[in-house]
Amino acid sequence: MLRVVTRLTADSREISNTKFKNEITAALQEIYPVDKCGIFTQSLMELGAVVCMPNGTPRCTECPLQSLCSACAAGTQPAYPVKKKKAQRRIEEKTVLLMIHAGRLALQKRAGSGLLGGMWELPNLSGKADTAQIQKWLEKCGITDCRIQKGSPVCHIFTHIEWHMDSYLIECGKAAPDSDFTWITEQALEKEYALPTAFKKVYTQNRPL
Ligand code: SF4
């Protein structure tokens, strides 16, 4: 019904706005024919379903309200109703590392708050890191004698964010025993650790173990 009204009146207010909805409802209530509210509502709904349709071109030449319709007179029917623009998703680039040492995969815990807060993750760097940057980062973490190989890129979409992830498979020759990583077997990954889907995708696409 709201769609029909916005076209009839060429009202360019955003259709999901509560104030707008209330005003239209109040205006309609004033013109509802006494004792025929049901028929009036049903007629408007039917008009909206089969003549003044939501998608495609409204069938104005078949519309009983054509002579009253402001949008039709101006030829601007497709501009109504005005809908809220969806916010664009933010894109975050990451470099995700599948680090293997002695047949085990490195996991770490995410920070307690924010997206996937407190969950397990594959170690990762912000942005697209190259091999030299990864090497430097590994050394800072106490991981040396590494063989680094590029893996498949993976994209994961959250409601408001897209992660565009490069991945690298890293055979870690030496790992300092006091490193911040938790080294787990493939069986443990399947049974004991709930890895978020974004990281699971990276793991599955590259299968390092
Ligand atoms: S004339 Fe066209 S745009 Fe206007 S109410 Fe009828 S079908 Fe909708």
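For clarity, every value in this text was computed on a predicted model and none was experimentally measured.

Chemist: Any chance you could explain the nonpolar core here in plain terms?
Modeler: Burial of nonpolar side chains together is a common tendency in soluble globular proteins. Residues Leu105, Leu107, Leu122, Trp163 and Leu189 are the most contacted members of the largest nonpolar core, which totals 22 residues. Of all the secondary-structure elements, those providing two or more residues to this core are β1 (90-101), β2 (104-109), β7 (161-175), α6 (186-191) and α7 (197-206). Counting residues per element, this core draws most heavily on α7, at four residues. Excluding its chain neighbours within four sequence positions, the residues that come into contact with Leu107 are Trp120, Glu121, Leu122, Pro123, Phe181, Thr182, Ile184, Leu189, Tyr193 and Leu195. Grouped together as the second largest cluster of nonpolar side chains are 18 residues, Ile15, Tyr32, Leu47 and Cys52 included.

Chemist: Got a minute to help me understand helix α5 (residues 131-140) in this structure?
Modeler: Two residues of an α-helix separated by three or four positions point the same way, owing to the 3.6 residues in each turn. Those residues of α5 that sit buried are Ile134, Trp137 and Leu138. Looking straight down α5, one finds its buried side chains confined to an arc of 100 degrees; they lie on one side. Exposed positions of α5 whose direction lies more than 90 degrees from the buried face are Ala132, Lys136 and Lys140. Where α5 is buried, its residues contact β1, β4 (124-126), β5 (143-150) and β7. Note on α5: the residue one or two positions beyond its end, Gly142, has a positive phi of about 85 degrees.

Chemist: What is the right way to look at the domain arrangement of the chain in this model?
Modeler: Think of interface size as the accessible area that goes away when the parts come together; that is how it is often given. Assigned domains within the chain: domain 1 (2-79) and domain 2 (90-206). Relative to domain 2, the C-alpha centre of domain 1 lies at a distance of 54 Å.

Chemist: It is not clear to me how the environment of Gly173 should be interpreted in this structure. Could you clarify?
Modeler: Considering the arrangement of structural elements, one finds Gly173 in strand β7. The exposure class assigned to Gly173 is partly exposed, which follows from its relative accessible area of 41%. For Gly173 and Ala102, which are 71 residues apart along the polypeptide, the C-alpha to C-alpha distance reads 8.4 Å.

Chemist: I would appreciate a short explanation of the pairing of β2 in the present structure.
Modeler: Regular strands have side chains that alternate between both faces of the sheet. Of the strand pairs in this sheet, β1 and β2 are connected by two bridges, and their pairing is antiparallel. Residue pairing across strands places Ile100 opposite Leu105, the latter belonging to β2. Counted between consecutive antiparallel strands, the loop separating β1 from β2 contains two residues, among which Ala102 sits at a positive phi close to 50 degrees. Sheet analysis places β2 next to strand β8 (residues 182-184), joined by three bridges and oriented antiparallel. Bridge pairing links Leu105 to Ile184 in β8. In terms of strand pairing, β2 meets strand β3 (residues 120-121) through two bridges, oriented antiparallel. Opposite Lys109, over in β3, you have Trp120 as the bridge partner.

Chemist: Would you mind going over helix α3 (residues 37-50) with me for this structure?
Modeler: Compared with the 20 Å implied by 1.5 Å per residue over 14 residues, the 20 Å span of α3 between its first and last C-alpha is a close match. Listed in full, the buried residues belonging to α3 are Leu44, Leu47 and Gly48. The buried residues of α3 occupy one face: seen down the axis, they fall within an arc of 100 degrees. For α3, the exposed residues lying more than 90 degrees away from the buried face are Gly38, Ile39, Gln42, Met45 and Ala49. Next to the buried residues of α3 lie α1 (2-9) and α2 (18-31).

Chemist: Got a minute to help me understand the packing of aromatic side chains in this structure?
Modeler: Two numbers describe a pair of aromatic rings. These are the distance of the centres and the angle of the planes. Taken as a whole, this structure holds six aromatic pairs when the rule is applied. Judged by centre distance (6.1 Å) and plane angle (55 degrees), the rings of Trp137 and Phe181 are tilted. Of this pair, Trp137 sits in helix α5 while Phe181 is found in the loop between β7 and β8, placing the two residues 44 residues apart along the sequence. In this structure, Lys94 packs its charged tip against the face of Trp163, placed 4.7 Å from the ring centre.

What counts and how
- Along each chain, residues carry numbers from 1 onward, in the same order as the chain's sequence is written.
- Under the rules for a predicted model, residues below a pLDDT of 70 receive no local features and side-chain atom pairs below 80 are neither given nor counted, while totals for whole chains, interfaces and linings still include all residues.
- To obtain the side-chain values, all non-hydrogen atoms of the structure were included, while hydrogens and water were left out.
- By nonpolar core is meant a set of buried Ala, Val, Leu, Ile, Met, Phe, Trp, Tyr and Cys residues that side-chain atoms within 4.5 Å join together.
- A simple rule labels every residue: compare its accessible area, found with a 1.4 Å probe on the protein chains alone, to the largest value its type can have, and call it buried under 20%, exposed over 50%, or partly exposed in between.
- Helix and strand assignments follow DSSP, with helices taken as H or I runs no shorter than four residues and strands as E runs no shorter than two, numbered in order from the N terminus.
- Contact between two residues is taken to exist if any of their heavy atoms lie within 4.5 Å; hydrogens are not considered.
- The directions considered for the arc are those from the helix axis to the C-beta atoms.
- What counts as a domain boundary in this text is fixed by an automatic or database domain assignment.
- Strands are labelled as partners when DSSP assigns at least two bridges between them.
- By definition here, a helix of n residues has an expected span of 1.5 Å times n minus one.
- To pair, rings of Phe, Tyr and Trp, with the six-membered ring standing in for Trp, must have centres within 6.5 Å; the planes then decide the type, stacked if under 30 degrees apart, edge-to-face if over 60, and tilted in the middle.
- Only Lys NZ and Arg CZ are tested; either one counts as a charge over a ring when it is within 6 Å of the ring centre and within 35 degrees of the ring normal.

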